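Single-letter residue listing:
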Amino acid sequence: MSAEQVGAINPRVESNGERREHREPRLQESFAATPPLQLKIAQRPVRNRVQRLLDLADSLLRETELLARDKAFTEEANRLQALSLSAGIDFYDEVRRFETGLIRLALDQTRGHQAQAAKLLHIKPSTLNSKIKLFGIEY
């Protein structure tokens with residue numbers, strides 16, 4: 001018990017001689033005198049304008065990269081539809097062109113990091129490196 005609680009309990013002698021403990025109202029008043037607890041709601045820290053601007057620029061850059069990739073795939077799809085089947089299609093030339101496009105896209109996405117590009121393409125880094133040399137891909 002705290003000292004305040006001990007001081008609040010006073011023995012009282014009744015008229016018949018029996019002792020009885022009595023709690024003073026002071027104890028209850030002391031609880032009432034304390035201010036009620038206030039919950040403080042955690043507020044988000046205010047981010048400065050420069051950080052928000054950097055985040056926005058990063059977001060716009062990622063969106064631009066996505067749009068450029070979508071455009072490249074759309075152009076490739078349109079070119080494949082324009083192929084003349086009557087003249088014939090050189091399968092190996094088309095596969096080579098397709099692989100070259102995928103490899104360039106992966107290297108652009110990973111900013112030239114071959115190991116990450118190989119992981120993105122689900123091939124071994126040595127395979128990617130040999131195809132880069134074989135096709136003469138510059139990045």
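A. View of the overall build of the protein chain. A tally of helices and strands in the protein chain yields six helices and two strands. The secondary structure elements of the protein chain, listed N-terminal to C-terminal, are α-β-β-α-α-α-α-α. In the protein chain, the share of contacts with a sequence separation of at least 24, taken over all contacts with a separation of at least 6, comes to 29%. As presented, the protein chain carries roughly 12,200 Å² of accessible surface, and 56% of it is formed by carbon and sulfur atoms.

B. Spatial organisation of helix H6 (residues 125-135). Within the sequence span of H6, burial applies to Leu128, Ile132 and Phe135. In a view along the axis of H6, the buried residues occupy a sector of 85°, so they form one face of it. Exposed residues pointing more than 90 degrees away from the buried face of H6 are listed as Ser126, Lys133 and Leu134. At its buried positions, H6 is contacted by helix H4 (91-109) and helix H5 (114-121). Positive backbone phi, at 65°, marks Gly136, one or two positions downstream of H6.

C. Structural view of the side chain of Thr110. In this structure, Thr110 sits in the loop between H4 and H5. At 2.9 Å, the side chain of Thr110 forms a polar contact with the backbone oxygen of Ala106. Looking at Thr110, its side chain comes within polar contact range of the main-chain oxygen of His113, at 3.2 Å. Discounting chain neighbours no more than four positions away, the residues touching Thr110 are Gln116 and Ala117.

D. Representation of a nonpolar patch on the surface. Judged by side-chain polarity, Leu53, Leu56 and Leu60 come together as a nonpolar surface patch covering roughly 310 Å² of accessible area. If you trace the backbone, Leu56 turns up in helix H3 (residues 49-81).

E. Quick look at the nonpolar core. Of all hydrophobic cores here, the largest spans nine residues; its members are Ile103, Ala106, Leu107, Ala117, Ala118, Leu128, Ile132, Phe135 and Ile137. Counting residues per element, the ones that place at least two in this core are H4, H5 and H6.

F. Quick look at the packing of H5 against H6. The N-to-C vectors of H5 and H6 enclose an angle of 105°; their axes lie 8 Å apart at closest approach. Comparing their axes, H6 and H5 come out roughly perpendicular. Taking contact as the criterion, the partners of Gln114, Ala117, Ala118 and Leu121 in H5 are, on H6, Pro125, Leu128, Asn129 and Ile132. Looking at the contact of H5 with H6, its residues break down into six nonpolar, two polar and no charged.

G. Geometry of unusual backbone geometry. Backbone geometry at Arg111 places phi at a positive 55°, although glycine is not the residue there. By secondary structure assignment, the location of Arg111 is in the loop between H4 and H5. The phi dihedral of His122 is positive, around 60°, even though this residue is not glycine. Of note, His122 is situated in the loop between H5 and H6.

H. Quick peek at the packing of H4 against H5. Orientation of H4 relative to H5, taken along the N-to-C sense of each, is 125°, at an axis distance of 8 Å. The angle between H4 and H5 falls in the class oblique. As for how H4 packs across H5, the hand of that crossing is right-handed. Taken together, the residues of H5 that come into contact with H4 (itself represented by Leu102, Ile103, Ala106, Leu107 and Gln109) are Gln114, Ala117, Leu120 and Leu121.

What counts as what
Residues numbered from 1 in each chain as written. Predicted model: local features only at pLDDT ≥ 70, side-chain atom pairs only at ≥ 80, totals over all residues. Heavy atoms only, no water. Helix = DSSP H or I, 4+ residues; strand = E, 2+ residues; numbered from the N terminus. Contact = heavy atoms within 4.5 Å. Areas by Shrake-Rupley, 256 points an atom, 1.4 Å probe, with all protein chains shown as cover. Buried < 20%, exposed > 50% of the residue type's maximum accessible area, 1.4 Å probe, protein only. Arc of directions from axis to C-beta. Polar contact = N/O pair within 3.5 Å; in protein donor to acceptor, adjacent residues only side chain to side chain. Patch = residues over 30% accessible without salt bridge, like charges linked within 9 Å, V, L, I, M, F, W, Y side chains within 5 Å. Salt bridge = Lys/Arg side-chain N within 4 Å of Asp/Glu carboxyl O. Core = buried A, V, L, I, M, F, W, Y, C linked by side-chain atoms within 4.5 Å. Axes fitted to C-alpha atoms, helices over the stretch in contact; angles between N-to-C directions. Parallel < 35°, antiparallel > 145°, perpendicular 65-115°, else oblique. Nonpolar A, V, L, I, M, F, W, Y, C, P; charged D, E, K, R; others polar. Left-handed = near helix turned anticlockwise from the far one by under 90°.

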